[in-house]
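Notes for the structure review
Here is what each chain is made of, one letter per residue.
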Amino acid sequence: MPVSHVMNTYARLPAAFTHGEGVWLFDEAGKRYLDALSGIAVTTLGHNHPRLVEAISAQAGRLMHTSNLYRIPLQEKLADRLAEISGMDEVFFCNSGLEANEAAIKLARFYGHKRKGVDLPTIVVMEHAFHGRSLATLSATANRKAQAGFEPLVPGFLRVPHGDMDALRQVAARNRDVVAVMLEILQGEGGVHLVDDSYLRELRALCDVQGWLLICDEVQCGTGRTGKWFGWQHAGVRPDVMTLAKGLGSGMPIGACVAAGLAAGLFQPGNHGSTFGGNPLACAAGLVTLDVIAGSKLLDNALRMGDAIREGFAGALASVPGIVDIRGRGLMVGIELDRPCGELVARALEAGFLINVTAGNVIRLLPALIFGNDDVSTLVNGVAPLICDFLSQ
Ligand code: PLP
């Protein structure tokens, strides 16, 4: 192997893909793989969706980038569309999940200073959280391994257990500097952990009483993945801030920090910015992604296929010792084993499946929203035996 000039930040598997079609990927040798990972919840519409290819090709031929110093009509249109489906007010566009979360963190601090008169604003974050790898989002992230070596971390975060209302009530009783609570209602990297809808409703009520912003990081579980446009819609509440990225552009880099109510109208020119954020090419991808999800009824499909995947694995693994839990919502599926199982990823690849293992022992499946019944059968019939073999060793 020649020396690689790519910085060594990923323990990469040996496969290299040349092209994709729907839920399938093809490698340099022509072998095909069923993609149950979607580039980690990114390729919402599958690979090379004709509407997406057409939209971005046409836009690339017209105009790719101007600058946020000028009006960008496609950005305005995408902001309108996001406001319409979320019931929220305004959108800041950027290029990734961590950038969307940085914007949310800055917004919460700004809110604390400007509206609550708090000099050292604190944001409550959750155990097992993942919010990104910039210094502020890494500090909000719960993973000590990811943080190690990058200290000093950014101050101003207070951590509580995910889904624990009592812990939040105790914070409310003691801490006058809290300005916001930030959480993934369905944690991805942390091991596919879902909070109850009732918890989210209670949290909303507590935030209202305390004047805290409720920030939902929907970078992984948003854009239709859980069977609603946004995960919090299952609970019938609305956050003050929501962050999006990953699946919003179905493969084109785009991020968004969406604000409502108390969090809207805070940022003024000069408070935040991004050179690339919300350029016409990325927004064309975002618009067509949302159009296809709505037009092809992919929210319903995500719900049904997610249930079918969980039921399929529950049936195939029913009497297998070592299965701790099969959980998730919509097309965010976690299969927790009683032991570390990272090596299953390479075994699945060998067998023609892209899957993921997170938190050491949770098999994570994040298929495209176009996944169909046949794909579910292929996935379950192909991957369940690998899990059985692994557990019987
Ligand atoms: N937030 C959540 C919930 C995520 O899952 C991720 C990435 O996995 C991020 C933020 C960071 O997104 P990005 O890698 O685009 O910066």
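Here is a short report on the structure shown in this document. (Residues numbered from 1 in each chain as written. Predicted model: local features only at pLDDT ≥ 70, side-chain atom pairs only at ≥ 80, totals over all residues. Heavy atoms only, no water.)

**A few points about the packing of aromatic side chains**
Scanning the entire structure with this criterion turns up three aromatic pairs. Centre to centre, the rings of Phe17 and Tyr33 are 5.3 Å apart; their planes meet at 85°, and the pair counts as edge-to-face. A residue pair is termed long-range when its members are at least 10 positions apart, and Phe17 in strand E1 (residues 17–21) and Tyr33 in strand E3 (residues 32–35) qualify at 16 residues. Of the residues examined, Phe17 reaches a relative accessible area of 34% and is grouped as partly exposed. Measuring from ring centre to ring centre gives 5.6 Å for Phe110 and Phe267, while their planes differ by 65°; the resulting arrangement is edge-to-face. Highlighted residues: Phe110 in helix H4 (residues 97–116) and Phe267 in the loop between strand E12 (255–259) and helix H9 (280–295), separated in sequence by 157 residues. Directly above the ring of Trp24 sits Arg32, whose terminal nitrogen or CZ lies 3.5 Å from the centroid. (Phe/Tyr/Trp six-rings, centres within 6.5 Å; stacked < 30°, edge-to-face > 60°. Helix = DSSP H or I, 4+ residues; strand = E, 2+ residues; numbered from the N terminus. Buried < 20%, exposed > 50% of the residue type's maximum accessible area, 1.4 Å probe, protein only. Lys NZ or Arg CZ within 6 Å of the ring centre and 35° of its normal.)

**What about the site of the ligand?**
Every one of the 13 residues lining the ligand counts as a neighbour, but Gly97, Leu98, Asp217, Gln220 and Lys246 are closest to it. Leu98 is positioned with one of its backbone polar atoms (N or O) 2.8 Å from an oxygen atom of the ligand. Gln220 is positioned such that a nitrogen or oxygen atom in its side chain is 2.8 Å from an oxygen atom of the ligand. Computed on the free molecule, the ligand has an accessible area of 390 Å², of which 83% lies beneath the protein chains in the complex. Classifying every residue of the shell around the ligand by side-chain character gives three nonpolar, six polar and four charged. (Near = heavy atom within 4 Å. Polar contact = N/O pair within 3.5 Å; in protein donor to acceptor, adjacent residues only side chain to side chain. Areas by Shrake-Rupley, 256 points an atom, 1.4 Å probe, with all protein chains shown as cover. Nonpolar A, V, L, I, M, F, W, Y, C, P; charged D, E, K, R; others polar.)

**Focus: the nonpolar core**
Membership of the largest hydrophobic core comes to 102 residues, with the highest contact counts inside it found for Leu82 and Phe313. Contact partners of Phe313, with chain neighbours within four places excluded, come to Ile326, Ile335, Leu365, Leu379, Val380, Val383, Ala384 and Ile387. Ranked by size, the runner-up nonpolar core spans 25 residues in total, among them Ala100, Ile105, Leu107 and Tyr111. (Core = buried A, V, L, I, M, F, W, Y, C linked by side-chain atoms within 4.5 Å. Contact = heavy atoms within 4.5 Å.)

**Remarks on the packing of helix H10 (residues 298–316) against helix H12 (residues 373–392)**
Running from amino to carboxyl end, H10 crosses H12 at an angle of 30°, the nearest separation of the two axes being 9 Å. In the crossing of H10 with H12, the sense of the turn from one axis to the other is right-handed. In this structure, H10 contributes Met305, Ala308, Ile309, Gly312, Phe313 and Ala316 to the contact, and H12 contributes Asn373, Val376, Leu379, Val380, Val383, Ala384 and Ile387. (Axes fitted to C-alpha atoms, helices over the stretch in contact; angles between N-to-C directions. Left-handed = near helix turned anticlockwise from the far one by under 90°.)

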